Amino acid sequence: MSIKVTKVACQSCGANLTIDESIRFVTCGYCSAQLEIVHDPSAVYSKTLDDVVKRQDAVEDELRVLRLEKSLQRIEQEWENFRIRVSSKSENGTIVEPGKAGPILFGIFATILCVFLFGFGLSERIWLIAILGVAGIALSYLITQHGLRRAKEFAHMRTRYLQKRTKLKGELASAERALRFQPMKRSGKPSKR
Ligand SMILES: [Zn+2]
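Chemist: Even after reading the chapter, I still don't get the overall build of the protein chain, so can you show me in this structure?
Modeler: When you go through the protein chain residue by residue, the secondary structure sums to 3 helices and 7 strands. Compactness check: the protein chain gives a C-alpha radius of gyration of 37 Å against a globular reference of 16 Å for 193 residues, more than 25% above the reference. Projected onto its principal axes, the C-alpha coordinates of the protein chain cover approximately 125 × 30 × 25 Å. The proportion of buried residues among the 193 residues of the protein chain is 24%.

Chemist: Whenever I open this one, helix H2 (residues 101-123) confuses me. Can you help?
Modeler: What sets the pattern is the α-helix's 3.6 residues per turn: residues three or four places apart point alike. A rise of 1.5 Å per residue sets the reference length of H2, with its 23 residues, at 33 Å; its end C-alpha atoms lie 33 Å apart and thus fit the reference within 8%. Among the residues making up H2, those that are buried are Pro103, Gly107, Ala110, Cys114 and Gly121. Once H2 finishes, Arg125 follows within two positions and takes phi at roughly 55 degrees, a positive value.

Chemist: Looking at this structure, how should I read the packing of aromatic side chains?
Modeler: Aromatic ring pairs are defined here through the distance separating the ring centres and the angle between the ring planes. In the structure shown here, the tally under the stated rule is 4 aromatic pairs. Relative to Phe82, the ring of Trp79 has its centre 5.6 Å away and its plane inclined at 40 degrees; by these criteria the two rings are tilted. Of this pair, Trp79 and Phe82 both sit in helix H1 (residues 49-86), separated by 3 residues, roughly a single helical turn. Judged by its relative accessible area of 8%, Trp79 is buried.

Chemist: Sorry if this is basic, but what is going on with the coordination of the zinc ion here?
Modeler: Geometry sets the ideal angles at a metal, namely 109.5 degrees for four tetrahedral donors and 90 or 180 degrees for six octahedral donors. Coordination of the zinc ion by the protein involves Cys10 (SG), Cys13 (SG), Cys28 (SG) and Cys31 (SG), with metal-donor separations of 2.2 to 2.4 Å. Each donor residue of the zinc ion belongs to the same chain, with the gaps between them written as C-x2-C-x14-C-x2-C. Cys13 sits in the partly exposed class, given a relative accessible area of 35%.

Chemist: Help me out: how do you make sense of the side chain of Ser46 in this one?
Modeler: Tracing the backbone shows Ser46 in strand E5 (residues 44-48). Of the polar contacts made by the side chain of Ser46, one reaches the backbone oxygen of Ala9; its length is 2.6 Å. At 2.9 Å, the side chain of Ser46 and the backbone nitrogen of Gln11 are in polar contact. Beyond its immediate chain neighbours, meaning those up to four positions away, Ser46 contacts Val8, Ala9, Cys10, Gln11, Leu35, Glu36 and Ile37.

Chemist: Please clarify how the domain arrangement of the protein chain should be interpreted in this entry.
Modeler: Domain assignment breaks the protein chain into domain 1 (5-39) and domain 2 (53-185). Here the C-alpha centroids of domain 1 and domain 2 sit 64 Å apart.

Chemist: Honestly, a nonpolar patch on the surface in this entry has me stumped. Any pointers?
Modeler: Residues Phe106, Leu139, Tyr141, Leu142 and Ile143 make up a contiguous nonpolar surface patch of roughly 520 Å² in combined accessible area. No other element matches helix H3 (residues 127-185), which puts 4 residues into the nonpolar patch.

Chemist: Honestly, the pattern of salt bridges in this entry has me stumped. Any pointers?
Modeler: Note on pairing: side chains with opposite charge can pair once their charged atoms come close. This model, assessed by the stated rule, comprises 7 salt bridges. Linking Arg158 and Glu97 is a salt bridge whose minimum nitrogen-to-oxygen distance equals 2.3 Å. Separated by 61 residues along the polypeptide, Arg158 in helix H3 and Glu97 in the loop between strand E7 (95-96) and H2 bring together distant segments of the chain. For Arg158, a relative accessible area of 29% gives the class partly exposed. Residue class for Glu97 comes out partly exposed when judged on its relative accessible area of 27%. In this structure, Lys167 and Glu171 form a salt bridge, with 3.5 Å as the shortest nitrogen-oxygen distance. Of this pair, Lys167 and Glu171 both sit in helix H3, separated by 4 residues, roughly a single helical turn. In this structure Glu171 comes out as partly exposed when scored by relative accessible area, which is 28%. Here the salt bridges do not stand alone but share partners, grouping Glu80, Arg83, Glu97 and Arg158 into one network.

Chemist: For this particular structure, what's the right way to read H1?
Modeler: Along its 38 residues, H1 runs 56 Å from first to last C-alpha, staying within 8% of the 56 Å computed at 1.5 Å per residue. Those residues of H1 not exposed but buried are Asp51, Lys54, Ala58, Asp61, Val65, Leu68, Leu72, Ile75, Trp79, Phe82 and Arg83.

Calculation rules
- Residues numbered from 1 in each chain as written.
- Predicted model: local features only at pLDDT ≥ 70, side-chain atom pairs only at ≥ 80, totals over all residues.
- Heavy atoms only, no water.
- Helix = DSSP H or I, 4+ residues; strand = E, 2+ residues; numbered from the N terminus.
- Rg over C-alpha atoms; globule rule 2.2 N^0.38 Å.
- Buried < 20%, exposed > 50% of the residue type's maximum accessible area, 1.4 Å probe, protein only.
- Expected span 1.5 Å × (residues − 1).
- Phe/Tyr/Trp six-rings, centres within 6.5 Å; stacked < 30°, edge-to-face > 60°.
- Donors = N, O, S within 2.8 Å, 3.2 Å for Na, K, Ca; no water.
- Polar contact = N/O pair within 3.5 Å; in protein donor to acceptor, adjacent residues only side chain to side chain.
- Contact = heavy atoms within 4.5 Å.
- Domains from an automatic or database assignment.
- Patch = residues over 30% accessible without salt bridge, like charges linked within 9 Å, V, L, I, M, F, W, Y side chains within 5 Å.
- Areas by Shrake-Rupley, 256 points an atom, 1.4 Å probe, with all protein chains shown as cover.
- Salt bridge = Lys/Arg side-chain N within 4 Å of Asp/Glu carboxyl O.

Here it is as C-alpha cells:
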C-alpha cells in the first residue's frame, strides 16, 4: 500500500510540511499550530484550527453588538413614547415635560385668586363667595401637590432610563471593541513587508 504524500504550507508559520494525503488534521512540527488540511479540487492548503474558533467568536461578537443595538433602540423608543404620552403640548407645538414650574405657578396664582375671593366675600358679607374662596384654596393646594408628584415621578423615570441607557451603551462599546480587535487576534501568516 503506497502512501501518497503532498506538500502543504503551514498557515501559521509558512513552513513547508510533507503530509500523508489522507490526513485531515495535523500539528505543525515547527510552530505546533493545529492545522486542518483542506483538499479543494484546485489546491491543498492548511487552515489553523484557531481561526475556525475565532471566526465563531467573531460571529458571536457581531450578534452581541446587534442585540445590544436593538435593545438600545427599543429603550430609547419606549422612553420617547412615554415622554410624549405624559407631556403636554404648548401652542407652538413644542413638548412640555412634567416639571415643577407649572404646578408651582398654578398654585401661586390660584391661591392668590381664591384668597382675594375669600376676602371679598368676607368684607361684602356674601358668605357663598367666601366659602368658594376657601374651597378654592384647598383645591389649588391638592392640584399643585398632584402636579409636583407627577413631576417627581417623571424625573425618577428619566433617571432610571438614563442609567439603563448608559449601561447599555457601555456594553455596546465593549462589544464593538471586541469585534474590532477580532482580526488582530487571528493567527495567520505574519505578512512580509
Ligand atoms: Zn507552523
